[in-house]
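# Structural characterization, general
One-letter residues, chain by chain:
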Amino acid sequence: MKKPLIIVRGAGDLATGTIHRLWSAGFPVLALEVAHPAAIRRQVALSEAVYEGAATVEGVTAVRIDGPDRLAEVLARGRVPLLIDPEGQCIPKLKPAAVVDAILAKRNLGTTRDMASLTIGLGPGFTAGVDVDFVVETMRGHNLGRVIREGAARPNTGVPGIIGGYGAERVLHAAQAGVLYSVRSIGDFVERGEPIAVIRNEAGDHPVPAAIPGLIRGLIRDGFPVTEGFKIADIDPRKEEYQNCFTISDKARCIAGSVLELVCRYTLE
């Protein structure tokens, strides 16, 4: 059976989990991104194709395309086409069977139920039955991955989930605006207080110290302009989990499984 086209808005680390699962199940997928993605977990984010032209995560490769006319060509090569189209302007023309909003912006940036016969929103900012057909819970805990058929996901708390006994401490934010330049790399082990990057502005270079000891699981790309409070890095305190820096997370896989369940149920009838 020829499977229908699925469009996924966003290609960051959680969105990549969904893209990977759909692609692995045989669905042709088109990813839509912004012109300057700010993925922290870059090693597992297909959005890196925006900068590099192509990106591979666990055997699935995304290729940046300049327009929808290259869609069929890239799909025929066994790749995921990725298009810079933050507004989703290509959606009416392509008429996908489903649209998945995996931007994870904590608010709806323009997805509507009339975009496809099946629309799915990941996380807070969507209401099932109003702006999308279904919502998938993205907050860690007992309900992670739960399909919501009426209502919304839990609101964003702003507090990262606990890993290895650490929560808010493991995520680093810019203390000032400027351009970030990395000192260390994803996968490096750092001690508490050790600089992992500097933020450069008119006042000089400002070191970004690790708040906890651990592995750098995510770090925004070199030369990225940041504002004060911008999320720039993620540290995993579990020294033995080096491979986690380069593989899709348990959270992303759980969410992806729920998306695949809905897509199979409502697009293959």
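None of the values given here were measured: they were computed from a predicted structure. (Residues numbered from 1 in each chain as written. Predicted model: local features only at pLDDT ≥ 70, side-chain atom pairs only at ≥ 80, totals over all residues. Heavy atoms only, no water.)

## Observations concerning the nonpolar core
- If you look at the biggest cluster of nonpolar residues, it comprises 40 residues, and the most contacted ones within it are Leu22, Ile120 and Leu122.
- Examining the composition of this core, we find that six residues originate from one element, helix α5 (residues 250-267), more than from any other. (Core = buried A, V, L, I, M, F, W, Y, C linked by side-chain atoms within 4.5 Å. Buried < 20%, exposed > 50% of the residue type's maximum accessible area, 1.4 Å probe, protein only. Helix = DSSP H or I, 4+ residues; strand = E, 2+ residues; numbered from the N terminus.)

## Thoughts on the environment of Val44
- Take Val44: it is sitting in the loop between β2 (29-33) and α2 (49-52).
- Counting along the chain gives 22 residues from Val44 to Leu22, while the straight-line C-alpha distance between them is 16 Å.
- Setting aside anything within four residues of it in sequence, one finds Val44 in contact with Gly12, Asp13, Thr16, Val57, Cys245, Phe246, Thr247 and Ile248. (Contact = heavy atoms within 4.5 Å.)

## Let's talk about the pattern of salt bridges
- A full pass over the atoms with the stated rule returns 14 salt bridges.
- For Arg184, the salt bridge identified is with Asp188, shortest N-O distance 3.2 Å.
- Residue Arg184 is classed as partly exposed on the basis of its relative accessible area, which comes to 22%.
- Since its relative accessible area comes to 23%, Asp188 is described here as partly exposed.
- Where Arg238 meets Asp236, a salt bridge forms, and the shortest distance between an N and an O atom there is 2.8 Å.
- The buried category is assigned to Asp236, whose relative accessible area is 2%.
- A network of salt bridges, in which partner residues are shared, links Glu48, Glu52 and Arg221. (Salt bridge = Lys/Arg side-chain N within 4 Å of Asp/Glu carboxyl O.)

## Some remarks on the sheet that holds strand β18 (residues 224-226)
- Strand order in the open sheet made by the four strands is β16-β15-β13-β18, with antiparallel pairing throughout. Edge positions in the sheet fall to β16 (204-209) and β18, since each of these pairs with one other strand and no more. If you compare each strand with its neighbour and ignore which way they point, the axes differ by 35° on average.
- Note: strand β13 (residues 178-182) against strand β15 (residues 195-201), four bridges, orientation antiparallel. Bridge pairing in β15 links Leu180 to Ile199. (Pairing = 2+ DSSP bridges. Axes fitted to C-alpha atoms, helices over the stretch in contact; angles between N-to-C directions.)

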